[in-house]
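Topology and contacts: notes
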Amino acid sequence: MSNKYVKELLDFASKLDAIVGGSGEITKLTLMVTESQDEVATIALLKKIGAIVDSKNYSSEVKVMAKVLKEGLIKYYGYLTVLDICNNEIQTEENRSLQELLSDLNALIGLKKVKLQVNNLIAYQKVQQMRKAYNLASTKNTLHLAFLGNPGTGKTTVARIVGHIYKQIGLLSKGHFLEVSRTDLIAGYQGQTAIKVKKVIEKAKGGVLFIDEAYSITENDQSDSYGRECLTELTKALEDYREDLVVIVAGYIEPMNKFFESNPGLKSRFNTFIEFEDYGIEELEAILISMCNDNEYILHMEAKNKIKLALTELVDNKDDSFANGRLVRNIFDKLLMNHAKRVAQIENPTKEELSIILADDFQEI
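Since the model is a prediction, treat every value here as computed from it, not as a measurement.

**Digging into empty space enclosed by the protein**
Empty space left among the atoms is revealed by rolling a probe the size of a water molecule over them. Summed over the entire model, instances satisfying the criterion amount to 1 cavity of 30 Å³ or more. The space that makes up the largest cavity amounts to roughly 60 Å³. Taken together, Gly149, Asn150, Pro151, Lys155, Asp212, Glu213, Tyr215, Gly251, Tyr252 and Arg326 make up the full set of residues lining the largest cavity. For the lining of the largest cavity, the per-class residue count stands at 3 nonpolar, 3 polar and 4 charged.

Right, here's the structure in full:
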């Protein structure tokens, strides 16, 4: 979501810059706002917008664009404020018992090896906490994790559950979950990346910081110095806040291996590497049926058969970009759209017609 507001804000700024001949000044100020929430830049940007709106030298269309940029700026800061509130709010999941959270983990479809490894990890950490309570020696292993695998294999879901479980057994003070990407960590100017990373770490302390596609931090040669700056700050935080912060990095296996090679001290900060395997045909089918059940839809047997044949073909011909659960989500969304288009043509449809997905609803997918 944050990427959406950043993109929108920068788009408005570049358009306004172009029509007023601002020599890139408006865009530069906007970049400083989005990359480090610079207060001086924010005030300067608002003054420029105000000057354009109040000037008699610009057309009404230009003034409208200036007002649109101001609205975009307000939306952006509004989003950040809400994000802070959400990250600091005591989440209801934290009040759930350890057994309930473990049940959530074990109820996930597939992921047999992942669940076994995570359960073992939780048992180990739980015992270490109990040993500390009796003043027995406990190991100083870091809590940070690396999740390796293709998209849609449940990495984010498992990361959230791990955060809440760690809170329950006393390893984290809050147990909240903060997901970030490259754009949330790396700035466009030298020296600002470290500030940006520190702000993210500050928000994540007490909970889980989840960095998806972590290898993207270092894979762009043009901004390699910014990537190194980010990793230096991140590696330091991994050690400094190891007592009350869990960082989980995730991504494809091979790029993640290169990611760990990019910084000598990085890999040593991670004790646990968990590989998420692709889902099989039966698991993908079970995920789709679960989505239908959760939303009170029923798959007709003929629809099930067609979908299973399609899933079989997709699994047999998959490549590294195979989207697993995301693929099923896309199929589900399209099924619902096709079902709606068909049922909308029926006058006074019955409850059964509103619920059953037929084989024909799968034809256009």
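**Remarks on the nonpolar core**
Core analysis: the largest hydrophobic core is formed by 51 residues, its most contacted members being Phe147, Val158 and Tyr166. Each residue touching Val158, except ones within four places of it in the same chain, is listed here: Leu105, Leu108, Leu111, Val114, Val118, Phe147 and Phe276. By size, the runner-up hydrophobic cluster in this structure holds 29 residues, among which are Ile186, Ala204, Tyr215 and Phe259.

**Topic: the pattern of salt bridges**
Pairs can form between side chains of opposite charge once their charged atoms are near each other. Enumeration over the complete set of coordinates arrives at 10 salt bridges. It is possible to trace a salt-bridge network through shared partners that takes in Glu239, Arg242 and Arg269.

**Thoughts on the packing of aromatic side chains**
Think of a pair of aromatic rings as described by two things: how far the centres are apart, and how the planes are tilted against each other in angle. On inspection of all chains with the given rule, the structure shows 6 aromatic pairs. Here Phe147 and Phe276 contribute two aromatic rings whose centre-to-centre distance is 4.9 Å and whose plane-to-plane angle is 50°, an arrangement assigned as tilted. Here Phe276 lies in strand β5 (residues 272-276) and Phe147 lies in strand β1 (residues 145-149), a separation of 129 residues in the sequence. The class for Phe276 is buried, based on a relative accessible area of 2%. Cluster of aromatic residues (ring-pair linked, three or more members): Phe259, Phe260, Phe270 and Phe273. A cation over a ring is seen here: Lys267 above Phe273, with NZ or CZ 5.8 Å from the ring centre.

The rules behind these values
Residues numbered from 1 in each chain as written. Predicted model: local features only at pLDDT ≥ 70, side-chain atom pairs only at ≥ 80, totals over all residues. Heavy atoms only, no water. 1 Å grid on protein atoms, 1.4 Å probe; cavity = no way out; pocket = protein on both sides within 12 Å on 5 of 7 lines; lining within 4 Å. Points joined across faces, edges and corners; volume = space filled by probe spheres on them. Nonpolar A, V, L, I, M, F, W, Y, C, P; charged D, E, K, R; others polar. Core = buried A, V, L, I, M, F, W, Y, C linked by side-chain atoms within 4.5 Å. Buried < 20%, exposed > 50% of the residue type's maximum accessible area, 1.4 Å probe, protein only. Contact = heavy atoms within 4.5 Å. Salt bridge = Lys/Arg side-chain N within 4 Å of Asp/Glu carboxyl O. Phe/Tyr/Trp six-rings, centres within 6.5 Å; stacked < 30°, edge-to-face > 60°. Helix = DSSP H or I, 4+ residues; strand = E, 2+ residues; numbered from the N terminus. Lys NZ or Arg CZ within 6 Å of the ring centre and 35° of its normal.

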